[in-house]
Amino acid sequence: ECRGGYSCGLIDLKAGTVLYIKVGSVGEANTDTNAVNKGGFNGGGDAKNSGVNLRTAGGGATDIRALEDDLCHRIMVAGGGGGNAANIAGAIAGYGGGTSGGSSYYTSSSTGKTVAATGGTQTAPGANKQTASTAGVPAGFGFGGSAPSLNLAGGGGGWFGGGAGSGGAGGSGYILYSKESTGTQYASAIIDGYFPEYKDFFFHGDGYNSIGIGGLLCTATSSSTDPITGSPAKNNGNGYITVAPGTKLWS
């Protein structure tokens, strides 16, 4: 599948605070004829091979949760990448977010480059490929779209998941931070208006601009650098989380 996203930030936590960690995994890529490939842990969308042609499942998101272990209590999310579709000319899966997940594309001689499925955003899930609108399972809050009956690749998990298509789209990332912080405003008002106890879990506005870094196109080589280790950022394969006391919290 395509590369996942990064999210990072600075947060002050009280001693004894319990956080729930969910580390996403890659989607299945079983090569058996007509095999159903299950989405990666934490929201990856399912896929189904088209005969012997591989359709990989979407990658799961990696997230950090506070207070309760459920989707509504996520305070940081790195979006999962969409699944790949072999033997479709020019098919490119969508990367994980970032503010938004990447859309997927395919190319045909008659229409040229066409969007196959759209990525998740801060406020809405991505859309499955048009032909999957009724037969597929649409993406939603925390999970990517699936359309195994149509032999399509799965969408990536995220704050909102990416759609399924001829190449799955990526899920979006997310960081909870207060309205007073600088930088891009995430959809934190959805939570802080209903869960006032979240005042203890706002990230500072200077954590890598308090936004996620979208994964690069599947055919590209990552040039991102992990600001904690200084090593090349690993945003393919299974997810991971690095916690550095006094510096940055990454997912």
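What counts and how
Residues numbered from 1 in each chain as written. Predicted model: local features only at pLDDT ≥ 70, side-chain atom pairs only at ≥ 80, totals over all residues. Heavy atoms only, no water. Core = buried A, V, L, I, M, F, W, Y, C linked by side-chain atoms within 4.5 Å. Buried < 20%, exposed > 50% of the residue type's maximum accessible area, 1.4 Å probe, protein only. Helix = DSSP H or I, 4+ residues; strand = E, 2+ residues; numbered from the N terminus. Salt bridge = Lys/Arg side-chain N within 4 Å of Asp/Glu carboxyl O. Pairing = 2+ DSSP bridges.

A. How the structure looks around the nonpolar core. Ile-75 and Phe-203 are the most contacted members of the largest nonpolar core, which has 14 residues in total. If you list the elements that add at least two residues to this core, you get β5 (62–66), β6 (74–78) and β9 (174–175). The biggest single contributor to this core is β6, with three residues.

B. Representation of the pattern of salt bridges in the model. A complete count under the given rule lists four salt bridges for this structure. Across the pair Asp-46 and Lys-38 runs a salt bridge whose closest N-O atoms are separated by 3.8 Å. The shortest N-O distance in the salt bridge between Asp-69 and Arg-65 comes to 3.1 Å. Under the relative-accessibility criterion, Arg-65 is labelled buried at 6%. Through salt bridges with shared partners, a single network forms among Lys-22, Asp-63, Arg-65 and Asp-69.

C. Local environment of the pairing of strand β7 (residues 104–108). Pairing geometry for β7 and strand β8 (residues 112–117), over five bridges, is antiparallel. Within the sheet, the bridge partner assigned to Ser-108 lies in β8 and is Gly-112. Here β7 hands over to β8 after three residues, the two strands then running antiparallel side by side.

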